[in-house]
Amino acid sequence: LYSGNMGKKQGLEIVLEAAAKLQENPAILFVMCGDGAAKLRLKKKYAGLLNVMWLPLQPLAILNDLLNMADVHLLPQRGEVADLGMPSKLLGMLASGRPVLASTLPGTQISEVVSCCGVVTQQGDVNAYSDALLKLAIDPDSRARLGLEGRRIAEKYFAKEAVLGKFEQEL
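Quantities reported herein were computed from a predicted structural model and do not represent experimental measurements. (Residues numbered from 1 in each chain as written. Predicted model: local features only at pLDDT ≥ 70, side-chain atom pairs only at ≥ 80, totals over all residues. Heavy atoms only, no water.)

Peer 1: Could you give an account of the pairing of strand β5 (residues 100–104), with specific residues and numbers?
Peer 2: Each regular strand displays side chains that alternate between the two surfaces of the sheet. Extensive coverage of β5 is indicated by the burial of five of its five residues. Residues Val100, Ala102 and Thr104 of β5 are buried on one face, and the alternating residues Leu101 and Ser103, pointing to the opposite face, are buried as well. Sheet analysis places strand β4 (residues 73–76) next to β5, joined by four bridges and oriented parallel. Each bridged residue has a counterpart across the sheet, and for Leu75 the counterpart in β5 is Ala102. With helix α5 (residues 109–117) bridging β5 and its parallel neighbour strand β6 (residues 118–122), the resulting β-α-β unit is right-handed. (Buried < 20%, exposed > 50% of the residue type's maximum accessible area, 1.4 Å probe, protein only. Helix = DSSP H or I, 4+ residues; strand = E, 2+ residues; numbered from the N terminus. Pairing = 2+ DSSP bridges. Right-handed = clockwise from strand over helix to strand, strands pointing away.)

Peer 1: Explain the pattern of salt bridges to me, using residue names and the numbers behind them.
Peer 2: Opposite charge on two side chains permits them to pair, given that their charged atoms come into close proximity. Within this structure, the stated rule accounts for three salt bridges. Where Glu13 meets Arg41, a salt bridge forms, and the shortest distance between an N and an O atom there is 3.1 Å. With Glu13 in helix α1 (residues 13–21) and Arg41 in helix α2 (residues 39–45), this pair connects stretches of sequence that are 28 residues apart. When its relative accessible area of 17% is taken as the criterion, Glu13 is described as buried. The partner of Glu155 in a salt bridge is Arg151, and the shortest N-O contact between them spans 2.9 Å. With Glu155 and Arg151 both in helix α7 (residues 140–158), this residue pair falls four residues apart, about one helical turn. (Salt bridge = Lys/Arg side-chain N within 4 Å of Asp/Glu carboxyl O.)

Peer 1: Run through the sheet that holds strand β3 (residues 52–55), naming residues and quoting values.
Peer 2: Strand order across the open sheet formed by three strands is β1-β2-β3, with parallel pairing between neighbours. The sheet terminates laterally at β1 (2–5) and β3, the two strands that pair on one side only. Each adjacent strand pair in this sheet contributes to an overall mean axis angle of 20°, direction not counted. Where strand β2 (residues 30–35) meets β3, four bridges bridge the pair, whose relative direction is parallel. Looking across to β3, one finds that Phe30 is bridged to Val52. Seen against the sheet, α1 touches β2 and β3 and runs at an angle of roughly 155° to β2. (Axes fitted to C-alpha atoms, helices over the stretch in contact; angles between N-to-C directions. Contact = heavy atoms within 4.5 Å.)

Here it is in structure tokens:
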């Protein structure tokens, strides 16, 4: 599942190129959910991929259900923007208890967090991204273990009590 803004910054081409490489695998369906400036261009360019489902931006009321339906969350990032900050969508991914597959530069915050609860591939490496996704797809035990670690990270560092506690310590 990719859910969120579909703009230039996200680097969604790697996800769709992975879909093209894996289109013969009937067990893998890419769900692209959201909207943005690049969506129409991407839908046209990758229109022939039968393993890609395009969904519009979903209402906030069902966001939790959407995130929980994923087997793997996809988090691509373009190299030039990968360390501008943590994408807010990462917290929802972690809280869902599902693993994250990120494509980013080594040493970024995204890389450090996701390496504990998912798989990180070199930004722009479609072969590595496709291979990593395929390995996650066929290994439910690994997905479960990584997803639980992501949930633990979300609860330990980003839950309301943890954030407020840290804020109080700073005062």
